[in-house]
Structures are given as C-alpha cells and as structure tokens.
Amino acid sequence: ARVALPLQRIAMPRAAVVANEIPWTAEMRANELERLQARLEQAIQDEKYDLAATLRDEVASFTADDEVAVLRANTDFYEAFSTRDVQFMAGMWFADEDRATCAHPGFPHLRGHEQIMDSWSQIFSSNDQMTITPSEVRCTLLRGSLGAIVACKEGVNGQGEGALTATNIFEKCIDGRWRLVHHQA
C-alpha cells in the first residue's frame, strides 16, 4: 500500500519563483520537486493522464539541468586531475574542513580541504604524467537535487585494463556550483 505524502507548500507564489523574481534555494527546490511528484502520483491514481504527462515532464525538466551541471563538475574534476592544476582542483572541493573526505589508492583516509589538497599536491608533484579518463559514468541526484553521486571507472593513461572504480559525491552549494564532498577510487 502506498502512503500519501503530505503536500508541502512553498511560502511564496510559484509564479514569482519560476519568473526568477525570487532565487530558488536548495530547500525550495526539494520541496517543489516533492510537491510535483506527489501531484504526479495523485494524477495517476485519479486517472488524469493528460495532467500526469504534464507533471512528468515538469519533474524531468526540474532535474535535467542539475544532472548536466553535476556531470560537468565531474568532467572538470578529471580535467583538473589530468592537467595537474592544483588551484582548479582546490575550487572543485567543498571547503568545510569537517565534511570533505577523500580516499586515494595507497593513501590513508583524508578529511578536510587542507589534507585533501595536500594529497593532490603530492600526486601532482610526482614525475609520472598521468591522464585519468572517466568512463561508464552514472549520475544519481539526491533529494531535490541537493546532492549527487557519480560512479564511474577511471582509466589511467587511457588504459581500460586495470581501471579503478570511483565514486564522487557532490553537493550543490549556496552559489549554485556543485562541489565535491567525497572522492574514492
């Protein structure tokens, strides 16, 4: 049996938000997405298929832009890695010292922006030229597009064999940019 979710109302008119008169916050996006999904389920139960199709399209367009932005951030991460750009890499990471974590092969578990950036500096300063190419990339958006998990294979120097499996977790920051909160390979 399905449990009906209570509808959560946004405290301001939706038209004002959609018209970009008021900027969307992450919580507003999460609430609006939940509201649209609840309306979609109700339309299906009520056999209002025209309305359900419209709501399905709204839900899909609501999340499509975020998925593209997350995949762009993931591509930027691998570009920073392959070009050994420490500053570019530093900008990819969530700056909170308690939340960001990283697990490189052969490194201890790292926590915080400073430890993570020290590790990237060590990796980039090695004499080994390394190109990392992601493949089989899969993106999963989390509640209302507040976070995302990207799973992929990392090919080292273009080699498919011996590829690592990687997980990158991104969080959408208040400035709208997606930043890494976790990388593990």
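By convention here, each chain's residues receive numbers from 1 onward along its written sequence. The predicted nature of this model means local features are confined to residues of pLDDT at least 70 and side-chain atom pairs, given and counted, to a pLDDT of 80 or more, with totals for whole chains, interfaces and linings taken over all residues. Each side-chain value is worked out from all heavy atoms of the structure, with water and hydrogens disregarded.

Engineer: Looking at this model, I keep getting lost on the nonpolar core. Mind explaining?
Structural biologist: Taken as a class, soluble globular proteins show a tendency for nonpolar side chains to be buried jointly. Definition of nonpolar core: a set of buried residues of the types Ala, Val, Leu, Ile, Met, Phe, Trp, Tyr and Cys, connected through side-chain atoms within 4.5 Å. When a residue's accessible area, from a 1.4 Å probe over protein chains only, is under 20% of the maximum for its type it is buried; when over 50% it is exposed; and in between it is partly exposed. One finds F77, F81, M89, W93 and W120 to be the most contacted residues of the largest nonpolar core, which totals 26 residues. A run of H or I in DSSP becomes a helix once it reaches four residues, and a run of E becomes a strand once it reaches two; helices and strands are each numbered from the N terminus. Broken down by secondary-structure element, the contributors of at least two residues to this core are helix 3 (49-83), helix 4 (86-92), helix 5 (113-125), strand 3 (132-141), strand 4 (147-156), strand 5 (159-172) and strand 6 (178-184). By residue number, the principal contributor to this core is helix 3, which donates six residues. When near neighbours in sequence (up to four residues on either side) are disregarded, F81 contacts M89, W120, I123, F124, M130 and I132. The next biggest cluster of nonpolar side chains, apart from the first, holds seven residues, and it includes L36, L40, A43 and V59. Any two residues having at least one pair of non-hydrogen atoms within 4.5 Å are treated as being in contact.

Engineer: Would you take a moment to explain unusual backbone geometry for this structure?
Structural biologist: The bulk of non-glycine residues show a negative phi, and the bulk of peptide bonds are trans. In this structure, R84 takes a positive phi of about 60° despite not being glycine. Topologically, R84 is positioned in the loop between helix 3 and helix 4. The backbone of E136 shows a phi angle near 50°, a positive value even though the residue is not glycine. Along the chain, E136 turns up in strand 3. According to the relative accessible area criterion, E136 is partly exposed, its value standing at 49%.

Engineer: I tried to follow the packing of aromatic side chains on my own but got confused; where do I start?
Structural biologist: The way to describe two aromatic rings as a pair is by their centre distance and the angle between their planes. Note on aromatic contacts: the rings of Phe and Tyr and the six-membered ring of Trp form a pair at centre separations within 6.5 Å, being stacked when their planes are under 30 degrees apart, edge-to-face when over 60 apart, and tilted otherwise. Overall, the coordinates contain six aromatic pairs when judged by the stated rule. Centre to centre, the rings of F81 and F124 are 6.3 Å apart; their planes meet at 45°, and the pair counts as tilted. On the criterion of sequence distance, the pair formed by F81 in helix 3 and F124 in helix 5 is long-range, its members being 43 residues apart. Each of the two residues, F81 as well as F124, counts as buried. A connected cluster of aromatic rings, assembled from ring pairs, spans F77, Y78, F81, W120 and F124.

Engineer: What's the story with the pattern of salt bridges in this structure? I'm lost.
Structural biologist: Where charged atoms from two side chains of opposite charge approach closely, those side chains can pair. Just to be clear on terms, a salt bridge is a Lys or Arg side-chain nitrogen sitting within 4 Å of an Asp or Glu carboxyl oxygen. According to the stated counting rule, one finds five salt bridges in the structure shown. Linking D57 and R56 is a salt bridge whose minimum nitrogen-to-oxygen distance equals 3.1 Å. When its relative accessible area of 43% is taken as the criterion, D57 is described as partly exposed. Residue R56 is classed as partly exposed on the basis of its relative accessible area, which comes to 46%. We note a salt bridge from R99 to E171, for which the minimum N-O separation is 2.1 Å. Placement of R99 in the loop between helix 4 and strand 1 (101-103) and of E171 in strand 5 is noted, with a sequence separation of 72 residues between them. You can call R99 partly exposed: its relative accessible area is 39%.

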